[in-house]
Each structure stands twice: as C-alpha cells, then as structure tokens.
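# Commentary on secondary and tertiary structure
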Amino acid sequence: NGQPVLVDAVVIARVTAMPIPNDTEGRLYIPLDTGGEATLLLDGRVTEGRWEPDGSSQASGIVFVDRDGAQVNLAGLKVWAAFVPGNGSFEVNY
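Residues numbered from 1 in each chain as written. Predicted model: local features only at pLDDT ≥ 70, side-chain atom pairs only at ≥ 80, totals over all residues. Heavy atoms only, no water.

## What about unusual backbone geometry?
- Positive phi, close to 65°, is recorded for Asn22, a residue that is not glycine.
- Mapped onto the fold, Asn22 is located in the loop between β2 (18-19) and β3 (28-29).
- For Asn22, a relative accessible area of 79% translates into the label exposed.
- Although it is not a glycine, Asp43 adopts a positive phi angle of roughly 55°.
- Position of Asp43 relative to the elements: it lies in the loop between β4 (36-42) and β5 (45-53). (Helix = DSSP H or I, 4+ residues; strand = E, 2+ residues; numbered from the N terminus. Buried < 20%, exposed > 50% of the residue type's maximum accessible area, 1.4 Å probe, protein only.)

What follows is the structure in structure tokens.
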C-alpha cells in the first residue's frame, strides 16, 4: 500500500539457489539447513559474518554469527531477512 516497512535490523543472507528440475513455474530450491555468509545492518553499522539455522525449535528461524563466532542477539527486534543467491550482488547505501 506504499507504506514503508520499518525494521530494527536487516540480515542479507547469501544462499545457494538451484532451479528445481522440470518445474514449469521456474521456482528455485534453496537449502536452508547449512547457513552461509551474511551481512548484518544494525544500529548504523555493517557487520560481516554468517547466518545459521536456529535449531532451537520446530519452527526455527535463522541466527547471525559475527566473524569472531559470537551470536548477535536479535531477540525482540523486527528483523528483515533477504536471501541473495551466492552469485548475486547488493549494495548498501546509508
């Protein structure tokens, strides 16, 4: 409806995207069980790291781990996750 989406953090997660064989709709298979490289935008900072599946519950989400191996606490925040194919590109302007 033209209204901006307001979030506290953005996780840009790199994924492997493969075409589903013989799929007439052109859908992609994106495995979400292994994680991968990621960029976190939070509090005006850009942090490189990894995204990993959060296996703490049946309806798991993802977590962000910085380059030092520390999990960034995103609990209670409105987080937008964008999944970008590994060969795709993005630009951060702020």
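Having seen the model, we can carry on.
## Some points on the packing of aromatic side chains
- Counted by the stated rule, this structure contains 1 aromatic pair.
- Note on Trp51 and Phe83: the rings are 5.8 Å apart at their centroids and 85° apart in plane angle, and the pair reads as edge-to-face. Within this pair, whereas Trp51 is found in strand β5, its partner Phe83 is found in strand β8 (residues 79-85), the two being separated by 32 residues in sequence.
- Residue classification places Trp51 among the buried positions, given a relative accessible area of 0%.
- The class of Phe83 is partly exposed, set by a relative accessible area of 36%. (Phe/Tyr/Trp six-rings, centres within 6.5 Å; stacked < 30°, edge-to-face > 60°.)

## Describing the side chain of Asp66
- With respect to the helices, strands and loops of the structure, Asp66 is situated in strand β6 (residues 62-66).
- Buried charge without a partner: Asp66 forms no salt bridge, and the closest opposite charge is Arg67, 8.6 Å away.
- From its side chain, Asp66 meets the backbone nitrogen of Asp68 in a polar contact 2.9 Å long. (Lys, Arg positive; Asp, Glu negative; His and termini not counted. Salt bridge = Lys/Arg side-chain N within 4 Å of Asp/Glu carboxyl O. Polar contact = N/O pair within 3.5 Å; in protein donor to acceptor, adjacent residues only side chain to side chain.)

## What to know about the pairing of β5
- Note: β4 against β5, 7 bridges, orientation antiparallel. Bridge pairing in β5 links Leu40 to Thr47. (Pairing = 2+ DSSP bridges.)

## Quick look at the sheet that holds β6
- In space, the 6 strands of this open sheet follow the order β7-β6-β5-β4-β1-β8, with mixed pairing throughout. Of all the strands in the sheet, just β7 (71-72) and β8 have a single pairing partner and so form its edges.
- Relative to β7, β6 runs antiparallel, the two being bridged by 2 bridges. Its bridge partner being in β7, Phe64 is matched across the sheet by Val72.

## Description of the environment of Glu48
- With respect to the helices and strands, the residue Glu48 is situated in strand β5.
- Along the chain, Glu48 and Arg67 lie 19 residues apart, while their C-alpha atoms are 6.5 Å from each other.
- For Glu48, the residues in contact, after removing those within four places along its chain, are Ala38, Thr39, Phe64, Asp66 and Arg67.
- There is a polar contact of 2.9 Å between the side chain of Glu48 and the side chain of Thr39. (Contact = heavy atoms within 4.5 Å.)

These figures capture arrangement, not role.
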